[in-house]
Amino acid sequence: YYAPGLDMLLSPGFLEDHCFRLEAKEDRLGVRFEPIPERRSIAEIRGTIWLDRKLAELRAMEYRYTNISAEQGDEARGNMEFVRLRNGAWVITRWDIRMPRLENRIGPRSLGASGIRVTGIEVSGGELWLVRRASDTLWSRPGLSMSGEIVDSVLGHPWSDAWVELGGTTQRGVTDSKGRFTIPNVLPGAY
């Protein structure tokens, strides 16, 4: 399975090989696309590209695979989210793709043991958290907050005024009177 990229969506070939129509929702406008009839025998994608209604800016795309086996078509799909950088360029900030794993069983048809069936779904994707050019930050996703509670393991009382530090960073928090702490703007990762 391949996911479409921005370059493919803007290519003359994609525009020539797909039909388009508009769809409106409260806060967004959709551009639905599907392959032209002459491409019925070629594995393709169909879906909707979503634009912000007020700004007319690209926001998301959802797509499904078409012209594939029914077993695949029921599960194979993907999503993308987009954002404009400070320099005007566009990037994909979040994506996922669902890929069914298929098995061809051979056995007596009368017992329902033969045929292609889905044995699992593999999901792959990712998120973009930061775009920099040299020391200039062009875009960043709001950081996550890490929170917790520190309790004395012997007495069961909360520890107040304890420093909690995120290993390998300068980020830290201090526990309150109930032993609770929060460390803001944490990027995903192993610490």
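As the structure is a prediction and not an experimental result, all values here were calculated from the model.

Enquirer: Report on the nonpolar core, specifying residues and quantitative values.
Expert: Judged by nonpolar contacts, the single largest core of 14 residues is most densely connected at Phe33, Ile45, Met61, Tyr63 and Tyr65. Counting only elements with at least two residues in this core, the list comes to strand S3 (44-52), strand S4 (58-66), strand S5 (77-84) and strand S6 (90-105). The residues contacting Phe33, other than those within four sequence positions of it, are Phe14, His18, Cys19, Phe20, Ile45, Arg46, Gly47, Thr48, Ile49, Met61 and Tyr63.

Enquirer: Go over the pattern of salt bridges, please, and point to the residues and values.
Expert: Two side chains that carry opposite charge are able to pair once their charged atoms sit near each other. According to the stated counting rule, one finds 15 salt bridges in the structure shown. The residue Arg94 makes a salt bridge to Glu127 at a minimum N-O spacing of 2.7 Å. Residue Arg94 is located in strand S6, and its partner Glu127 is located in strand S7 (residues 115-127); the two are separated by 33 residues in the primary sequence. Among the residues examined, Arg94 registers a relative accessible area of 31% and is labelled partly exposed. Residue class for Glu127 comes out partly exposed when judged on its relative accessible area of 36%. Across the pair Arg101 and Glu122 runs a salt bridge whose closest N-O atoms are separated by 3.9 Å. Taken together, the residues span a long stretch of sequence, with Arg101 in strand S6 and Glu122 in strand S7 at a distance of 21 residues.

Enquirer: Can you explain the environment of Thr182? Please cite residues and give values.
Expert: Note on placement: Thr182 falls in strand S13 (residues 180-186). In the structure, Thr182 is positioned 34 residues away from Gly148 in sequence and 6.7 Å away in space, judged by C-alpha atoms. Look past the residues within four positions of Thr182 in its chain and what remains in contact with it is Ser145, Met146, Ser147 and Gly173.

Enquirer: A description of the pairing of strand S10 (residues 144-149) should follow, citing residues and the corresponding values.
Expert: Residues in a regular strand point their side chains to alternate faces of the sheet. With 0 of 6 residues buried, S10 lies mostly on the surface of the structure. Where S10 meets S13, 5 bridges bridge the pair, whose relative direction is antiparallel. Following the sheet pairing, Glu149 is matched in S13 by Arg180.

Enquirer: Can you tell me about the confidence of the model for the protein chain, naming the residues and giving the values?
Expert: Put simply, the protein chain has an average pLDDT of 90, and 96% of its residues get 70 or more. Confidence, expressed as mean pLDDT per element, reaches its minimum in the protein chain at helix H1 (residues 6-9) with 85 and its maximum at S5 with 96.

Enquirer: Outline the packing of aromatic side chains, supporting the account with residue identities and numerical values.
Expert: Counted according to the given criterion, the structure contains 4 aromatic pairs. Centre to centre, the rings of Tyr1 and Tyr65 are 5.3 Å apart; their planes meet at 65°, and the pair counts as edge-to-face. With Tyr1 in the segment before H1 and Tyr65 in strand S4, this pair connects stretches of sequence that are 64 residues apart. With centroids separated by 5.4 Å and ring planes inclined at 70°, the aromatic side chains of Phe14 and Phe33 adopt a geometry described as edge-to-face. Of the two residues, Phe14 sits in helix H2 (residues 12-16) while Phe33 sits in strand S2 (residues 28-35), which places them 19 residues apart along the sequence. One exposure class covers both Phe14 and Phe33, and it is buried. Clustering of aromatic rings is evident, with ring pairs tying together Tyr1, Tyr63 and Tyr65. The ring of Trp50 carries the charged tip of Arg28 above its face, separated from the ring centre by 4.1 Å.

Enquirer: Can you lay out a nonpolar patch on the surface for me, pointing to particular residues and giving the numbers?
Expert: On the surface, a nonpolar cluster with roughly 360 Å² of combined accessible area is contributed by Leu102, Ile116, Val118, Ile121 and Val123. In terms of residue count, S7 provides more of the nonpolar patch than any other element does, 4 residues in total. Here Leu102 is to be found in strand S6.

What counts and how
- Residues numbered from 1 in each chain as written.
- Predicted model: local features only at pLDDT ≥ 70, side-chain atom pairs only at ≥ 80, totals over all residues.
- Heavy atoms only, no water.
- Core = buried A, V, L, I, M, F, W, Y, C linked by side-chain atoms within 4.5 Å.
- Buried < 20%, exposed > 50% of the residue type's maximum accessible area, 1.4 Å probe, protein only.
- Helix = DSSP H or I, 4+ residues; strand = E, 2+ residues; numbered from the N terminus.
- Contact = heavy atoms within 4.5 Å.
- Salt bridge = Lys/Arg side-chain N within 4 Å of Asp/Glu carboxyl O.
- Pairing = 2+ DSSP bridges.
- pLDDT = per-residue confidence, 0-100.
- Phe/Tyr/Trp six-rings, centres within 6.5 Å; stacked < 30°, edge-to-face > 60°.
- Lys NZ or Arg CZ within 6 Å of the ring centre and 35° of its normal.
- Patch = residues over 30% accessible without salt bridge, like charges linked within 9 Å, V, L, I, M, F, W, Y side chains within 5 Å.
- Areas by Shrake-Rupley, 256 points an atom, 1.4 Å probe, with all protein chains shown as cover.

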